[in-house]
Amino acid sequence: MLVLGIESSCDETAAALVTGERQILAQAIASQEEAHAPYGGVVPEIAARAHAERLAPLIERVLADAGVSLGDCNAVAATAGPGLIGGVMVGLVTAKALAMASELPLLAVNHLEGHALSPRLADPALAFPYALLLVSGGHCQLLEVQGVGRYRRLATTIDDALGEAFDKTAKILGLGFPGGPAVERLAAEGDPRAVPLPRPLLGSAEPHFSFAGLKSAVLRAHGSGAHRPADIAASFQQAALDCLLDRTARALGGMGEVSALVVAGGVAANKRVRAALEGLASARALRFVAPPPILCTDNAAMIAWAGIERLDAGFAPDPLDIAARPRWPLDPAAEPVRGAGVKA
Ligand code: KG4
Ligand code: ZN
């Protein structure tokens, strides 16, 4: 089994070739950081144009790197949502054209399912069901992953995603975009107790998240001129960690027995986040699984892998007229929460 994966839902253009034996034969990721940096965030129209320019050469490159042709693939998988619709359409239309021309099945993959199953690409021993903290620039959710295509969402954010809060904090502190890695680096030089910051929803009964108030508090702390940027970064990261741990512990209490605590999504690249969750897992006698950072941030290997998992689980390929979806919840039965899903 060999699947070509395509990802274009946000600001990473990516292509990858993955086998059913979990081998990533080749992968390429073109980040658009420079294109969006002047605006301090992703500009959808710029992103869509950049995907359109970069995707075809990236696909040619991974095929050449792996020494295979499209004819050697068993399917083409592409993110079909959720995400910035212009970018998603570029990737999905490209996948449709390749599938049609090469007479291959098309797999229209949910980007969130890509993140949710990426830990199983990295770790063959990871069995269903597992608890998943999915923390990225657009999403902040706690899920019970019961199987391929079977997700129970216990919590989501009622306002901003955590990655977004990292990005806004970076913007406030003048650290540039994307902010997560920059805030993490600066936080290492600061005192996490120096700046009093709120822990929104800490201790509340439902395991939901909220980060908008924390972001505003960072803005005020910086505006006061009373604190070193490194102390603000460290205190922000600590407040976010406290919230993550409290909320994750709460959600674990609402799940059945799980085989592991798993973290995925761009914020899972953060070393402090990984260490804190590892501590929580070991206190609960749970395995802790975090994919390598390259599989945490947006990539196409996770999309190809989700396609492979879907085929293995008996899901049919998708019709060539399937539409791109700006919104596509993993658990359609989850109750909508105020503010959640405002971001793609
Ligand atoms: O999964 P991802 O690449 O894209 C989305 O689907 O959103 O996640 C990107 C997010 C950005 O907000 C970025 O700032 C954050 O992940 N991120 C980090 C780190 N690396 C990336 N946040 C905190 N610490 C990091 N080291
Ligand atoms: Zn993502």
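Residues numbered from 1 in each chain as written. Chains lettered and ligands numbered in written order. Predicted model: local features only at pLDDT ≥ 70, side-chain atom pairs only at ≥ 80, totals over all residues. Heavy atoms only, no water.

**Q** Is there a simple way to think about the packing of helix H7 (residues 212-223) against helix H8 (residues 229-253) in this case?
**A** The relative placement of two packed helices comes down to the angle between their axes together with the axis-to-axis distance. Close contact between H7 and H8 brings their axes to 11 Å; oriented N to C, the two are set at 160 degrees. Judged by the inter-axis angle, H7 sits roughly antiparallel to H8. Two packed elements cross with a definite hand, and for H7 against H8 that hand is right-handed. Contact residues: H7 offers Leu214, Val218, Ala221 and His222, while H8 offers Ile232, Phe236, Ala239 and Ala240. (Axes fitted to C-alpha atoms, helices over the stretch in contact; angles between N-to-C directions. Helix = DSSP H or I, 4+ residues; strand = E, 2+ residues; numbered from the N terminus. Parallel < 35°, antiparallel > 145°, perpendicular 65-115°, else oblique. Left-handed = near helix turned anticlockwise from the far one by under 90°. Contact = heavy atoms within 4.5 Å.)

**Q** Explain the pattern of salt bridges here, please?
**A** Opposite charge on two side chains permits them to pair, given that their charged atoms come into close proximity. Under the counting rule described, the total for this entry stands at 11 salt bridges. The salt bridge involving Arg247 is made with Asp246; its shortest N-O contact spans 3.0 Å. (Salt bridge = Lys/Arg side-chain N within 4 Å of Asp/Glu carboxyl O.)

**Q** Would you mind showing me how to read the packing of aromatic side chains here?
**A** Aromatic ring pairs are reported here in terms of the distance separating the ring centres and the angle at which the planes meet. All told, the structure shown has three aromatic pairs when counted by the stated rule. Between Phe166 and Phe236, the aromatic rings sit 4.9 Å apart at their centres with planes inclined by 85 degrees, giving edge-to-face as the arrangement. Highlighted residues: Phe166 in helix H5 (residues 162-172) and Phe236 in helix H8, separated in sequence by 70 residues. Per residue, the accessibility class of Phe166 equals that of Phe236, and both read buried. Above the face of the Phe315 ring, Arg310 is positioned so that its terminal group lies 4.0 Å from the ring centre. (Phe/Tyr/Trp six-rings, centres within 6.5 Å; stacked < 30°, edge-to-face > 60°. Buried < 20%, exposed > 50% of the residue type's maximum accessible area, 1.4 Å probe, protein only. Lys NZ or Arg CZ within 6 Å of the ring centre and 35° of its normal.)

**Q** Teacher, can you tell me more about the coordination of the zinc ion (ligand 2) here?
**A** For the zinc ion (ligand 2), the full set of protein donor atoms is His111 (NE2), His115 (NE2) and Asp298 (OD), at a range of 2.0 to 2.2 Å. Classification of the site at the zinc ion (ligand 2) as irregular follows from its four donor atoms and the range of 92 to 146 degrees in their angles at the metal. (Donors = N, O, S within 2.8 Å, 3.2 Å for Na, K, Ca; no water. Tetrahedral: all angles 85-135°; square planar, octahedral: opposite > 155°, others 65-115°.)

**Q** Even after reading the chapter, I still don't get the sheet that holds strand S7 (residues 140-147), so can you show me in this structure?
**A** By way of backbone hydrogen bonds, the strands of a sheet pair with one another, either parallel or antiparallel. Strand order across the open sheet formed by five strands is S8-S7-S6-S9-S10, with mixed pairing between neighbours. With partners counted over all chains shown, the strands left at the sheet margins are strand S8 (150-155) and strand S10 (287-289), one partner each. With direction set aside, neighbouring strand axes in the sheet form an average angle of 25 degrees. Where strand S6 (residues 130-135) meets strand S9 (residues 260-264), four bridges bridge the pair, whose relative direction is parallel. Across the sheet, Leu134 pairs through a bridge with Ala264, a residue of S9. Contacting S6, S9 and S10, helix H9 (residues 271-283) crosses the sheet at an angle of about 160 degrees to S10. (Pairing = 2+ DSSP bridges.)

**Q** I keep staring at the site of ligand 1 and nothing clicks. Help me out?
**A** The local shell around ligand 1 holds 21 residues, among which Gly137, Asp167, Gly180, Glu184 and Asp298 are the closest. At 3.4 Å, a side-chain N or O of His115 approaches an oxygen atom of ligand 1. Within the side chain of Asp167, a nitrogen or oxygen atom sits 2.6 Å from an oxygen atom of ligand 1. Look at ligand 1: alone it shows 560 Å² of surface, and the protein chains cover 91% of it. Within the residue set of the shell around ligand 1, elements represented by two or more residues are helix H4 (111-122), H5 and helix H6 (179-187). In terms of domain composition, the shell around ligand 1 takes at least three residues from each of domain 1 (2-116 + 295-312) and domain 2 (127-290). (Near = heavy atom within 4 Å. Polar contact = N/O pair within 3.5 Å; in protein donor to acceptor, adjacent residues only side chain to side chain. Areas by Shrake-Rupley, 256 points an atom, 1.4 Å probe, with all protein chains shown as cover. Domains from an automatic or database assignment.)

**Q** Sorry, what's going on with the domain arrangement of the protein here?
**A** With domains assigned, the protein is organised as domain 1 (2-116 + 295-312) and domain 2 (127-290). For domain 1 versus domain 2, the distance between C-alpha centres works out to 27 Å. With 17 residues of domain 1 in contact, the opposing surface of domain 2 contributes 17 residues. At the boundary of domain 1 with domain 2, total buried surface from both sides reaches about 1300 Å², with 68% on carbon and sulfur atoms. The interface formed by domain 1 and domain 2 holds four residue pairs in polar contact (both at pLDDT 80 or more) in total. Counting residues per element, the ones that place at least two in the side of domain 1 that touches domain 2 are helix H1 (33-36), H4 and helix H11 (301-312). Counting residues per element, the side of domain 1 that touches domain 2 draws most heavily on H4, which supplies four residues. For the side of domain 1 that touches domain 2, the residue count by class is seven nonpolar, five polar and five charged. (Buried area = accessible area lost by both parts, 1.4 Å probe. Nonpolar A, V, L, I, M, F, W, Y, C, P; charged D, E, K, R; others polar.)

**Q** In this structure, what is going on with H11? I would like to understand it.
**A** Since one α-helical turn is 3.6 residues long, residues separated by three or four positions face the same way. Compared with an ideal rise of 1.5 Å per residue, which puts 12 residues at 16 Å, H11 spans 16 Å between its outermost C-alpha atoms and is within 8% of the ideal. In terms of residue burial, H11 counts as a mostly covered element, since nine of its 12 residues are buried. Among the residues of H11, Ala301, Met302, Ile303, Ala304, Trp305, Ala306, Gly307, Ile308 and Glu309 are the ones counted as buried. Gly314 sits one or two positions beyond H11 and adopts a positive phi of about 95 degrees. (Expected span 1.5 Å × (residues − 1).)

**Q** Teacher, can you tell me more about unusual backbone geometry here?
**A** The phi torsion of most residues other than glycine is negative, and most of the peptide bonds are trans. Across the junction of Gly81 and Pro82, the peptide omega takes the value -10 degrees, indicating a cis bond. With respect to the secondary-structure elements, Pro82 resides in the loop between strand S4 (75-81) and helix H3 (85-102). Of the consecutive residues Phe128 and Pro129, the connecting peptide bond is found in the cis state with omega at -5 degrees. With respect to the secondary-structure elements, Pro129 resides in the loop between H4 and S6. At Leu201, a position not held by glycine, the phi torsion is positive, near 70 degrees. Tracing the sequence through the fold places Leu201 in the loop between H6 and H7. According to the relative accessible area criterion, Leu201 is partly exposed, its value standing at 31%.

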